[in-house]
Structure formats: structure tokens, C-alpha cells
Amino acid sequence: MPRLNLAKLPTPLDEAPRLSAALGPRILFKRDDLTGVGLGGNKVRKLEFLIARALQEGADTLIASGGFQSNLARIAVAMANGVGMRTELVLGGVPGEPRPMVGNLLLDRLLGAKVTYVDTEPRWDFGDSIERVEAEVRRRGGHPYVVPLGASSAEGVAAYICATAELQQQLVELNVEPHHLIVGVGSGGTYTGLLLGQMNLQAGYRVTGISVSRTREYLLDKIPEFAREAGSELQLSHLPRRQDIFVQDEYVGPSYGALTQGCSEAIRLVARTEGVILDPVYSGKAMAGLIGMIRSGLIRRDETVVFLHTGGQPALFAYESEQLLGRE
Ligand SMILES: *Cc1c(COP(=O)(O)O)cnc(C)c1O
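First, a word on what this report is: a plain description of the structure on this page. Predicted, not measured: the structure shown is a model, and the values here were computed from it.

## Focus on the sheet that holds strand 9 (residues 246–248)
Next up, step 1: Reading across from one edge, 1-2-10-7-8-9 is the order of the six strands in this open sheet, with mixed pairing throughout. Two strands lie at the open edges of the sheet, namely strand 1 (13–15) and strand 9, each paired on one side alone. Across the sheet, the mean angle separating the axes of adjacent strands is 25° when strand polarity is ignored.
Next up, step 2: Sheet topology note: the strand 7 (residues 180–185)/strand 10 (residues 304–309) ladder contains three bridges and is parallel. Following the sheet pairing, I182 is matched in strand 10 by F307.
Next up, step 3: Helix-sheet contacts for helix 7 (residues 189–200) involve strand 7, strand 8 (206–211), strand 9 and strand 10, and the interaxial angle to strand 8 is about 170°.

Right under this line is the structure:
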């Protein structure tokens, strides 16, 4: 697969000694919030592959979609700017332009993206709005490339198989053999890449995904689909069956993006023990999941855990301080 070289790699793999002391198991952070473009995050690795594909197909305009605090959108605009492509964003969630304009959305506009707002409530459905933007770009003589939802095509999955190889090398250098790799799950592409990486590169840990939106049932169907797609393009020998997939959906809370008490507590704990900033939509809920798994005994205190920090911090600025700080 074609790939650009835009991310700052390898991202650090850091011990978290004070968080480990607070929770029990030995915890290390794989810092994919530090991938280095457009304030970083897991979408940088995925877009290295997807933008390379877009350029190979002669595209000059990237079309990306997501919620109005989408990290993918922000990173897509920054990376497209860096290779001289235009970006059109199709953002859903609320009718009209959200006010105040903060967090990722502010950055999208600062980076110069053209934004079309779609009222996707109550269902997460863009209807034909992406096709309409695509047709409009063509009508103006442009060549659009539509980034799949969550950048979770075979290319996006491949990015996290490569990330597994990077992680494995760091683990060898540090002489660490973790029992668990924990990651937040949105669309599921990152999890699928990490699971395919673990299975095909024979890593000794179990990959557990903490869902921030989808149900476990949905993901148990969707992840093998992503895996088959990537597996056939990359000719992988090991593909996951349902029983190979470990995902938890108990930490979503009322909805995608709704701040849970567990999430805001997890963000404060990690900030105050390690000085590491998590995000309210993905990594905060993933950390709430890790804490829950330790408390329920699914992860033992004598085990070692790698926590993948996927970024997303700009969304913090779209939340109320009272919610993030609790009753302080
Ligand atoms: C998109 C995203 C995820 C989830 O990745 P998927 O591949 O969609 O499951 C996790 N964390 C952050 C910060 C993200 O932006």
C-alpha cells in the first residue's frame, strides 16, 4: 500500500509509575497523541495511508466526515494542507453551525476547511450529504477523495498493523512483556489493526477495546468485516473470529461524547499522577474501562498493561469546566 511519511514516529512508549502505584498493575503509555501533525492523534497514522491513496488516484480535494468535534476532521485538514490538498468537511450532530465555535471545530476553521453542517440527530446518518459535496467538487473541476468514516478502511487498519510492529520493537528494547493492550474504540479500525497486528506478528498480549459509542454486538460483527477487508489486501494468514475479539461496551454512558463520571475521574487521576492529558470522548472512557477492569479483577495487579493514548485533547475545550472538574 502507498504511504506518506508525515507522522513523527516512533511515538514514545513511557512508563507511568505513579499511575501504576495508584491502580496496581504496571502501566505504560503508548503516546499516539504525539504523532505530531495537527496536534496529533491516532488518525495521523491512518491518514498517512489514506492520503497516499488519494494522491495516487489523482485527487486534489479530501472529503472527511464526522461529528462537529471530530478529531479525524481536524487532522485530515492539517495533513491535507501539508501536501497541498483542499479539504471539505461534512460534520454532523446539531443543526447549523455550533456556537461557541471551540475545540476541534475552531481548529478546522483556523486550518481553512470548508464545512458543511448536517443535522444527523437523532441517528448518526449523513444521508446523501457527502455525495452532494462530492458532486459539487466535481462540478467545479476538482478531484475529490472521500475518506471513509473513521478512516477505517483497509488502509486505516494497515496503519495499526504497522504500529504494532513499532510497539513490539520498543517492548523488546525495554524488555517488557505486557499481558494487555487497552485502546478506545470508535469505528473500530484502530482496534482491528491492533488485533490483526497481535495475531499476525505473534504478540503475547491480549488486545481489549473499550467502546465509546457502539454496542459490543455491533463491534463483534463489524471488526471481522474490517479484518477480512484488510486481510485480503495484505494477504494476512490470521483473521479474527468472534471469540478472538475482546470489547467492552459498559463505559459508553448515555451516548457518544456524553461525559461520564468515570471518564472525568479517569482524566483527573491521569493528569494528577502523570501529568498526561487524556480526552473526554475516547481515551478518558478507555482509561475508565481500564480502571473498571482492574477493579473487577479482569486485569490483575501483578500484570503489565500498555494503554494506547489515541489523542483527542482539543475536544476538552468543548466541555463545561464543572463537568471536567467534578465537585471541586
Ligand atoms: C477516532 C479516535 C479513536 C477511535 O479510533 P477508531 O479507529 O475509530 O476506533 C480513539 N481515540 C481518538 C482520540 C480518536 O480520535
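## With respect to the environment of I182
Next up, step 1: Relative to the helices and strands, I182 is located in strand 7.
Next up, step 2: Note: C-alpha distance between I182 and L308 (126 residues apart in sequence) is 6.1 Å.
Next up, step 3: The residues touching I182, leaving out its near neighbours within four places in the chain, are T208, I210, A286, L290, M293, I299, V305, V306, F307 and L308.

## Focus: the packing of aromatic side chains
Next up, step 1: In the structure shown here, the tally under the stated rule is two aromatic pairs.
Next up, step 2: With centroids separated by 6.0 Å and ring planes inclined at 70°, the aromatic side chains of Y256 and Y282 adopt a geometry described as edge-to-face. With Y256 in the loop between strand 9 and helix 9 (261–274) and Y282 in the loop between helix 9 and helix 10 (283–295), this residue pair connects regions lying 26 residues apart in the sequence.
Next up, step 3: The lysine or arginine in question, K43, covers the ring of Y282, its NZ or CZ lying 5.6 Å from the ring centre.
Next up, step 4: Just above the ring of F246 sits the side chain of R206; from NZ or CZ to the centre is 3.6 Å.

## Considerations on the pattern of salt bridges
Pairs may arise between side chains of opposite charge once their charged atoms sit close together.
Next up, step 1: For the structure shown, the criterion picks out 23 salt bridges.
Next up, step 2: We note a salt bridge from R140 to E88, for which the minimum N-O separation is 3.1 Å. Here E88 lies in strand 4 (residues 86–92) and R140 lies in the loop between helix 5 (129–139) and strand 6 (144–146), a separation of 52 residues in the sequence.
Next up, step 3: Accessibility expressed as a relative area gives 44% for R140, which makes it partly exposed.
Next up, step 4: R242 is the partner of E217 in a salt bridge, and the nearest nitrogen-oxygen pair spans 3.1 Å. Of the two residues, E217 is situated in helix 8 (residues 216–234) and R242 in the loop between helix 8 and strand 9; the sequence distance between them amounts to 25 residues.
Next up, step 5: Judged by relative accessible area, which is 39%, R242 ranks as partly exposed.

## What about the site of the ligand?
Next up, step 1: With respect to spatial proximity, 15 residues lie near the ligand, and among them K43, K46, S187, T190 and T310 are the closest.
Next up, step 2: Note that an oxygen atom of the ligand is positioned 2.9 Å from one of the side-chain N or O atoms of K43.
Next up, step 3: Between the ligand and S187, the relevant distance is 2.6 Å, taken from an oxygen atom to a side-chain nitrogen or oxygen of the residue.
Next up, step 4: Contact with the protein chains removes 97% of the 380 Å² of surface that the ligand exposes when unbound.
Next up, step 5: With respect to the pocket detection grid, the ligand is positioned in the largest pocket.
Next up, step 6: Looking at the shell around the ligand, the elements that each hand over two or more residues are helix 2 (43–56) and helix 7.
Next up, step 7: Along the lines of polarity and charge, the residues of the shell around the ligand split into two nonpolar, 11 polar and two charged.

## Some thoughts on the pairing of strand 3 (residues 61–67)
Next up, step 1: A large share of strand 3 lies buried, amounting to seven of its seven residues.
Next up, step 2: The parallel pair strand 3 and strand 4, bridged by helix 3 (residues 71–82), forms a crossover whose chirality is right-handed.
Next up, step 3: Pairing of strand 3 with strand 6 involves three bridges; the strand directions are parallel. Bridge pairing in strand 6 places L62 opposite Y145.

## Details of the pairing of strand 5 (residues 114–118)
Next up, step 1: Relative to strand 5, strand 4 is paired through five bridges, and the arrangement is parallel. Residue V90 lies in a different strand from strand 5, and its bridge partner there is T116.
Next up, step 2: With respect to chirality, the unit in which strand 4 leads through helix 4 (residues 103–110) into the neighbouring parallel strand 5 is right-handed.

## Section: a nonpolar patch on the surface
Next up, step 1: Among the surface-exposed residues, W124, L149 and Y256 lie close enough to one another that they form a single nonpolar patch of about 300 Å² accessible area.
Next up, step 2: Among the secondary structure elements, W124 is positioned in the loop between strand 5 and helix 5.

## Overview of the sheet that holds strand 4
The pairing of strands in a sheet comes from backbone hydrogen bonds and takes either a parallel or an antiparallel form.
Next up, step 1: Pairing is parallel across the open sheet formed by four strands, whose spatial order is 5-4-3-6. Edge strands, defined here as strands with exactly one partner in the open sheet, are strand 5 and strand 6. Here the average twist between neighbouring strands, direction ignored, is 25°.
Next up, step 2: Across the sheet, helix 5 lies against strand 3, strand 4, strand 5 and strand 6, angled at about 160° from strand 3, the strand it touches most.

Calculation criteria
Residues numbered from 1 in each chain as written. Predicted model: local features only at pLDDT ≥ 70, side-chain atom pairs only at ≥ 80, totals over all residues. Heavy atoms only, no water. Pairing = 2+ DSSP bridges. Helix = DSSP H or I, 4+ residues; strand = E, 2+ residues; numbered from the N terminus. Axes fitted to C-alpha atoms, helices over the stretch in contact; angles between N-to-C directions. Contact = heavy atoms within 4.5 Å. Phe/Tyr/Trp six-rings, centres within 6.5 Å; stacked < 30°, edge-to-face > 60°. Lys NZ or Arg CZ within 6 Å of the ring centre and 35° of its normal. Salt bridge = Lys/Arg side-chain N within 4 Å of Asp/Glu carboxyl O. Buried < 20%, exposed > 50% of the residue type's maximum accessible area, 1.4 Å probe, protein only. Near = heavy atom within 4 Å. Polar contact = N/O pair within 3.5 Å; in protein donor to acceptor, adjacent residues only side chain to side chain. Areas by Shrake-Rupley, 256 points an atom, 1.4 Å probe, with all protein chains shown as cover. 1 Å grid on protein atoms, 1.4 Å probe; cavity = no way out; pocket = protein on both sides within 12 Å on 5 of 7 lines; lining within 4 Å. Sits in = over half its atoms within 2 Å of the grid points. Nonpolar A, V, L, I, M, F, W, Y, C, P; charged D, E, K, R; others polar. Right-handed = clockwise from strand over helix to strand, strands pointing away. Patch = residues over 30% accessible without salt bridge, like charges linked within 9 Å, V, L, I, M, F, W, Y side chains within 5 Å.

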